[in-house]
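A closer look at the structure
In case you want the letters, here they are:
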Amino acid sequence: MNDQITIKALCLSCKNRTKHSILNQHDIFKEDFDIRFGFSYQTIQCNGCESISFRETWGSSDDYDPETGEYEESEALYPKRLDNVYREKVFFENIPPIVQRIYFETVEAFNNNLRMLAAAGIRAIIESICKSEGIVNGQVPDHSNPEILSTKNNLQGKIFGLHQNGFLTESHSKALHELRFLGNKAIHEISAPDINELILALDIAEHTLKNIYDVSQSADKLKNKRLFGI
(Lines give C-alpha, C1' and ligand atoms only; values in the text may rest on other atoms or scores of the structure.)
Protein backbone atom coordinates (compact mmCIF):
# COMPACT_ATOMS: atom_id res chain seq x y z
CA MET A 1 0.00 0.00 0.00
CA ASN A 2 2.90 2.36 0.71
CA ASP A 3 3.95 2.28 -2.98
CA GLN A 4 0.54 3.42 -4.19
CA ILE A 5 -0.57 6.97 -4.93
CA THR A 6 -2.40 8.51 -1.97
CA ILE A 7 -5.01 11.25 -1.77
CA LYS A 8 -6.89 12.92 1.07
CA ALA A 9 -10.57 11.99 1.44
CA LEU A 10 -13.24 12.02 4.11
CA CYS A 11 -13.40 8.57 5.71
CA LEU A 12 -16.78 7.35 6.94
CA SER A 13 -15.30 5.18 9.68
CA CYS A 14 -12.59 7.56 10.88
CA LYS A 15 -14.96 10.58 10.67
CA ASN A 16 -12.11 12.68 9.33
CA ARG A 17 -10.13 13.46 6.19
CA THR A 18 -7.44 10.79 6.04
CA LYS A 19 -4.89 9.51 3.57
CA HIS A 20 -6.37 7.01 1.11
CA SER A 21 -4.46 4.79 -1.31
CA ILE A 22 -5.78 4.51 -4.88
CA LEU A 23 -6.17 0.77 -5.50
CA ASN A 24 -7.58 1.00 -9.04
CA GLN A 25 -8.17 3.87 -11.43
CA HIS A 26 -9.76 4.34 -14.83
CA ASP A 27 -9.53 7.67 -16.70
CA ILE A 28 -11.63 8.98 -19.57
CA PHE A 29 -10.82 12.10 -21.63
CA LYS A 30 -13.08 13.88 -24.10
CA GLU A 31 -12.80 17.01 -26.21
CA ASP A 32 -15.55 19.41 -27.23
CA PHE A 33 -14.36 22.25 -29.46
CA ASP A 34 -11.38 23.71 -27.58
CA ILE A 35 -12.30 22.38 -24.13
CA ARG A 36 -10.85 19.12 -22.80
CA PHE A 37 -12.84 17.15 -20.23
CA GLY A 38 -11.43 14.52 -17.88
CA PHE A 39 -13.16 11.91 -15.73
CA SER A 40 -11.46 9.61 -13.24
CA TYR A 41 -12.99 6.61 -11.45
CA GLN A 42 -11.08 5.21 -8.48
CA THR A 43 -11.33 2.50 -5.86
CA ILE A 44 -9.68 3.92 -2.74
CA GLN A 45 -8.77 2.54 0.69
CA CYS A 46 -8.25 4.42 3.94
CA ASN A 47 -4.69 4.01 5.20
CA GLY A 48 -6.01 4.04 8.78
CA CYS A 49 -9.08 1.82 9.11
CA GLU A 50 -8.65 0.19 5.64
CA SER A 51 -12.28 0.78 4.64
CA ILE A 52 -12.99 0.81 0.89
CA SER A 53 -14.75 3.61 -1.01
CA PHE A 54 -15.34 4.66 -4.61
CA ARG A 55 -14.14 8.08 -5.76
CA GLU A 56 -15.20 9.94 -8.89
CA THR A 57 -13.48 13.14 -10.06
CA TRP A 58 -14.11 15.32 -13.08
CA GLY A 59 -13.07 18.64 -14.55
CA SER A 60 -12.27 20.51 -17.74
CA SER A 61 -9.42 22.55 -19.13
CA ASP A 62 -11.39 25.67 -18.14
CA ASP A 63 -11.59 24.69 -14.46
CA TYR A 64 -8.84 26.89 -13.10
CA ASP A 65 -8.95 29.34 -10.22
CA PRO A 66 -8.46 32.78 -11.86
CA GLU A 67 -6.55 34.07 -8.83
CA THR A 68 -4.19 31.17 -8.11
CA GLY A 69 -4.09 29.55 -11.54
CA GLU A 70 -4.53 26.14 -9.87
CA TYR A 71 -6.62 23.41 -11.47
CA GLU A 72 -9.92 22.74 -9.68
CA GLU A 73 -11.56 19.35 -9.98
CA SER A 74 -14.91 18.19 -8.62
CA GLU A 75 -15.17 15.10 -6.43
CA ALA A 76 -17.86 12.64 -5.38
CA LEU A 77 -17.39 9.80 -2.88
CA TYR A 78 -19.52 6.68 -2.54
CA PRO A 79 -21.07 5.76 -0.17
CA LYS A 80 -21.96 9.45 -0.09
CA ARG A 81 -20.70 11.70 2.67
CA LEU A 82 -23.30 14.27 3.72
CA ASP A 83 -21.46 17.12 5.42
CA ASN A 84 -20.05 14.83 8.12
CA VAL A 85 -23.50 13.59 9.17
CA TYR A 86 -23.24 10.19 7.52
CA ARG A 87 -25.18 7.69 9.58
CA GLU A 88 -24.00 4.14 10.20
CA LYS A 89 -26.68 1.44 10.07
CA VAL A 90 -27.43 -0.34 13.34
CA PHE A 91 -27.91 -4.11 13.34
CA PHE A 92 -30.59 -5.14 15.84
CA GLU A 93 -30.39 -8.73 17.05
CA ASN A 94 -34.05 -9.75 17.24
CA ILE A 95 -35.69 -7.46 14.69
CA PRO A 96 -38.05 -8.90 12.03
CA PRO A 97 -36.38 -8.85 8.59
CA ILE A 98 -38.97 -6.51 7.02
CA VAL A 99 -38.52 -3.94 9.80
CA GLN A 100 -34.73 -4.10 9.47
CA ARG A 101 -35.01 -3.68 5.70
CA ILE A 102 -37.23 -0.58 5.96
CA TYR A 103 -34.87 0.89 8.56
CA PHE A 104 -31.83 0.25 6.31
CA GLU A 105 -33.55 1.85 3.30
CA THR A 106 -34.48 4.86 5.45
CA VAL A 107 -30.86 5.33 6.52
CA GLU A 108 -29.78 5.05 2.87
CA ALA A 109 -32.26 7.80 1.95
CA PHE A 110 -30.89 9.96 4.78
CA ASN A 111 -27.27 9.44 3.71
CA ASN A 112 -28.15 10.39 0.14
CA ASN A 113 -29.89 13.59 1.29
CA LEU A 114 -33.30 12.30 0.16
CA ARG A 115 -35.00 14.02 3.06
CA MET A 116 -38.64 13.56 2.09
CA LEU A 117 -38.07 9.85 1.43
CA ALA A 118 -36.19 9.53 4.74
CA ALA A 119 -39.11 11.16 6.61
CA ALA A 120 -41.57 8.83 4.87
CA GLY A 121 -39.29 5.91 5.73
CA ILE A 122 -39.28 6.83 9.42
CA ARG A 123 -43.08 6.74 9.33
CA ALA A 124 -42.92 3.37 7.57
CA ILE A 125 -40.65 2.01 10.32
CA ILE A 126 -43.42 2.65 12.85
CA GLU A 127 -46.01 1.07 10.55
CA SER A 128 -43.83 -2.03 10.11
CA ILE A 129 -43.32 -2.37 13.87
CA CYS A 130 -47.09 -2.28 14.42
CA LYS A 131 -47.69 -4.85 11.68
CA SER A 132 -44.96 -7.19 12.94
CA GLU A 133 -46.30 -7.04 16.50
CA GLY A 134 -49.94 -7.48 15.47
CA ILE A 135 -51.06 -3.99 16.51
CA VAL A 136 -54.01 -3.08 14.28
CA ASN A 137 -55.67 -0.31 16.30
CA GLY A 138 -55.70 1.54 19.61
CA GLN A 139 -57.87 3.59 21.94
CA VAL A 140 -57.41 7.28 21.07
CA PRO A 141 -58.52 9.93 23.61
CA ASP A 142 -60.76 12.75 22.44
CA HIS A 143 -59.06 16.15 22.21
CA SER A 144 -61.78 17.96 24.15
CA ASN A 145 -62.33 15.20 26.72
CA PRO A 146 -59.41 12.76 27.21
CA GLU A 147 -61.64 10.39 29.15
CA ILE A 148 -63.62 9.64 26.00
CA LEU A 149 -61.83 6.97 23.94
CA SER A 150 -62.48 5.86 20.37
CA THR A 151 -60.93 2.94 18.51
CA LYS A 152 -58.88 3.98 15.50
CA ASN A 153 -56.98 1.77 13.07
CA ASN A 154 -54.83 4.51 11.51
CA LEU A 155 -51.20 5.08 12.54
CA GLN A 156 -52.28 7.37 15.38
CA GLY A 157 -54.40 4.56 16.82
CA LYS A 158 -51.66 1.98 16.31
CA ILE A 159 -49.12 4.09 18.23
CA PHE A 160 -51.58 4.29 21.13
CA GLY A 161 -51.98 0.54 20.69
CA LEU A 162 -48.25 -0.04 21.10
CA HIS A 163 -48.41 1.71 24.47
CA GLN A 164 -51.67 0.04 25.53
CA ASN A 165 -50.22 -3.39 24.72
CA GLY A 166 -47.10 -2.80 26.79
CA PHE A 167 -44.53 -2.25 24.04
CA LEU A 168 -43.86 1.41 24.90
CA THR A 169 -44.16 3.79 27.81
CA GLU A 170 -46.60 6.67 27.46
CA SER A 171 -43.78 9.19 27.00
CA HIS A 172 -42.17 7.01 24.34
CA SER A 173 -45.46 6.74 22.44
CA LYS A 174 -45.71 10.55 22.46
CA ALA A 175 -42.29 10.68 20.81
CA LEU A 176 -43.53 8.35 18.07
CA HIS A 177 -46.43 10.70 17.38
CA GLU A 178 -43.82 13.36 16.56
CA LEU A 179 -42.32 10.97 14.00
CA ARG A 180 -45.80 10.44 12.59
CA PHE A 181 -46.26 14.20 12.18
CA LEU A 182 -42.87 14.43 10.46
CA GLY A 183 -43.75 11.68 7.99
CA ASN A 184 -47.23 13.07 7.35
CA LYS A 185 -45.82 16.50 6.54
CA ALA A 186 -43.34 15.02 4.07
CA ILE A 187 -45.96 12.84 2.36
CA HIS A 188 -49.06 15.04 2.37
CA GLU A 189 -47.54 18.52 2.22
CA ILE A 190 -44.54 17.54 0.07
CA SER A 191 -42.31 19.30 2.58
CA ALA A 192 -38.79 18.12 3.34
CA PRO A 193 -37.65 18.32 6.99
CA ASP A 194 -34.28 19.85 7.73
CA ILE A 195 -31.35 17.58 8.46
CA ASN A 196 -31.39 18.19 12.22
CA GLU A 197 -35.05 17.13 12.43
CA LEU A 198 -34.18 13.92 10.62
CA ILE A 199 -31.23 13.23 12.92
CA LEU A 200 -33.47 13.54 15.99
CA ALA A 201 -36.19 11.44 14.34
CA LEU A 202 -33.74 8.66 13.46
CA ASP A 203 -32.39 8.75 17.03
CA ILE A 204 -35.94 8.15 18.31
CA ALA A 205 -36.61 5.45 15.71
CA GLU A 206 -33.40 3.57 16.60
CA HIS A 207 -34.15 3.88 20.32
CA THR A 208 -37.61 2.43 19.65
CA LEU A 209 -36.20 -0.51 17.69
CA LYS A 210 -33.61 -1.22 20.36
CA ASN A 211 -36.19 -0.97 23.15
CA ILE A 212 -38.72 -3.27 21.48
CA TYR A 213 -36.45 -5.85 19.86
CA ASP A 214 -33.21 -5.92 21.83
CA VAL A 215 -33.82 -4.69 25.38
CA SER A 216 -37.10 -6.55 25.87
CA GLN A 217 -35.63 -9.77 24.45
CA SER A 218 -32.59 -9.46 26.71
CA ALA A 219 -34.87 -8.85 29.70
CA ASP A 220 -36.83 -12.02 28.86
CA LYS A 221 -33.59 -14.01 28.72
CA LEU A 222 -32.54 -12.68 32.13
CA LYS A 223 -35.95 -13.54 33.56
CA ASN A 224 -35.79 -17.10 32.21
CA LYS A 225 -32.26 -17.45 33.57
CA ARG A 226 -33.40 -16.28 36.98
CA LEU A 227 -36.57 -18.40 37.11
CA PHE A 228 -35.61 -21.52 35.20
CA GLY A 229 -31.84 -21.41 34.87
CA ILE A 230 -32.03 -21.39 31.05
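In case you missed it, the structure is sitting above this.
Residues numbered from 1 in each chain as written. Predicted model: local features only at pLDDT ≥ 70, side-chain atom pairs only at ≥ 80, totals over all residues. Heavy atoms only, no water.

1. Considering the overall build of the protein chain
- Counting its secondary structure elements, the protein chain contains five helices and seven strands.
- When its helices and strands are written in sequence order, the protein chain yields β-β-β-β-β-α-α-β-β-α-α-α.
- Evaluated residue by residue, the protein chain yields a buried proportion of 36% over its 230 residues.
- A separation threshold of at least 6 residues defines the contact pool for the protein chain, and within that pool the share at least 24 residues apart is 46%.
- Carbon and sulfur atoms provide 51% of the accessible area of the protein chain, an area that totals close to 14,200 Å². (Helix = DSSP H or I, 4+ residues; strand = E, 2+ residues; numbered from the N terminus. Buried < 20%, exposed > 50% of the residue type's maximum accessible area, 1.4 Å probe, protein only. Contact = heavy atoms within 4.5 Å. Areas by Shrake-Rupley, 256 points an atom, 1.4 Å probe, with all protein chains shown as cover.)

2. A word on helix 3 (residues 155–164)
- Taken across its 10 residues, helix 3 has eight buried, putting it largely inside the fold.
- When we look at burial in helix 3, the residues that qualify are L155, Q156, G157, K158, I159, F160, G161 and L162.
- Close packing links the buried residues of helix 3 with helix 2 (115–132), strand 6 (138–141), strand 7 (149–152) and helix 4 (170–188).

3. Some words on unusual backbone geometry
- The step from Y78 to P79 runs through a cis peptide bond, and the omega angle for that step is -5°.
- Secondary-structure assignment places P79 in the loop between strand 5 (74–78) and helix 1 (97–111).
- Unlike most non-glycine residues, E50 shows phi in positive territory, near 70°.
- For E50, the location among the structural elements is in the loop between strand 3 (35–46) and strand 4 (52–60).
- Positive phi is not limited to glycine here, since I190 has a value of about 50°.
- In this fold, I190 is placed in the loop between helix 4 and helix 5 (195–228).
- Using a relative accessible area of 59% as the deciding quantity, one classes I190 as exposed.

4. Let's talk about the packing of helix 3 against helix 4
- Orientation of helix 3 relative to helix 4, taken along the N-to-C sense of each, is 160°, at an axis distance of 9 Å. As far as their axial angle goes, helix 4 and helix 3 are roughly antiparallel. For the crossing formed where helix 3 meets helix 4, the hand is right-handed. Every residue of helix 4 that contacts helix 3 at L155, Q156, I159, F160, L162 and H163 is listed here: E170, S173, L176, H177 and R180.
- Counted by class, the contact of helix 3 with helix 4 contains five nonpolar, four polar and two charged residues. (Axes fitted to C-alpha atoms, helices over the stretch in contact; angles between N-to-C directions. Parallel < 35°, antiparallel > 145°, perpendicular 65-115°, else oblique. Left-handed = near helix turned anticlockwise from the far one by under 90°. Nonpolar A, V, L, I, M, F, W, Y, C, P; charged D, E, K, R; others polar.)

5. Side note on the environment of K185
- In this fold, K185 is placed in helix 4.
- Look at K185 and you get partly exposed, because its relative accessible area is 42%.
- In this structure the C-alpha to C-alpha distance between K185 and A119, which are 66 residues apart in sequence, comes to 8.6 Å.
- Setting aside residues no more than four positions away along its own chain, K185 makes contact with I190 and S191.

6. Structural notes on the pattern of salt bridges
- Inspection of every chain in the model, using the stated rule, returns seven salt bridges.
- Ionic pairing is found between E75 and R55, a salt bridge with its closest N-O pair at 2.6 Å. Here R55 lies in strand 4 and E75 lies in strand 5, a separation of 20 residues in the sequence.
- Accessibility expressed as a relative area gives 34% for E75, which makes it partly exposed.
- Shared partners join several salt bridges into a network, and the residues in it are R87, D203 and E206. (Salt bridge = Lys/Arg side-chain N within 4 Å of Asp/Glu carboxyl O.)

7. Side note on the sheet that holds strand 2 (residues 16–32)
- The strand order across the open sheet built from five strands is 1-2-3-4-5, with neighbouring strands paired in antiparallel fashion. The open sheet has two edge strands, strand 1 (6–11) and strand 5, and neither has a second partner. When the angles between neighbouring strand axes are averaged without regard to direction, this sheet yields 30°.
- With six bridges joining them, strand 1 and strand 2 adopt antiparallel strand pairing. Paired with I7 across the two strands is H20, which belongs to strand 2. (Pairing = 2+ DSSP bridges.)

8. A closer look at the packing of helix 2 against helix 4
- Running from N to C, helix 2 and helix 4 point in directions that differ by 135°, and their axes come no closer than 8 Å. Relative to helix 4, the element helix 2 lies oblique. Crossing geometry of helix 2 relative to helix 4 is assigned as left-handed. Residues M116, A119, A120, I122, R123 and I126 of helix 2 pack against L176, L179, R180, L182, G183, N184, A186 and I187 of helix 4.
- Tallied by class, the residues present in the contact of helix 2 with helix 4 amount to 10 nonpolar, two polar and two charged.

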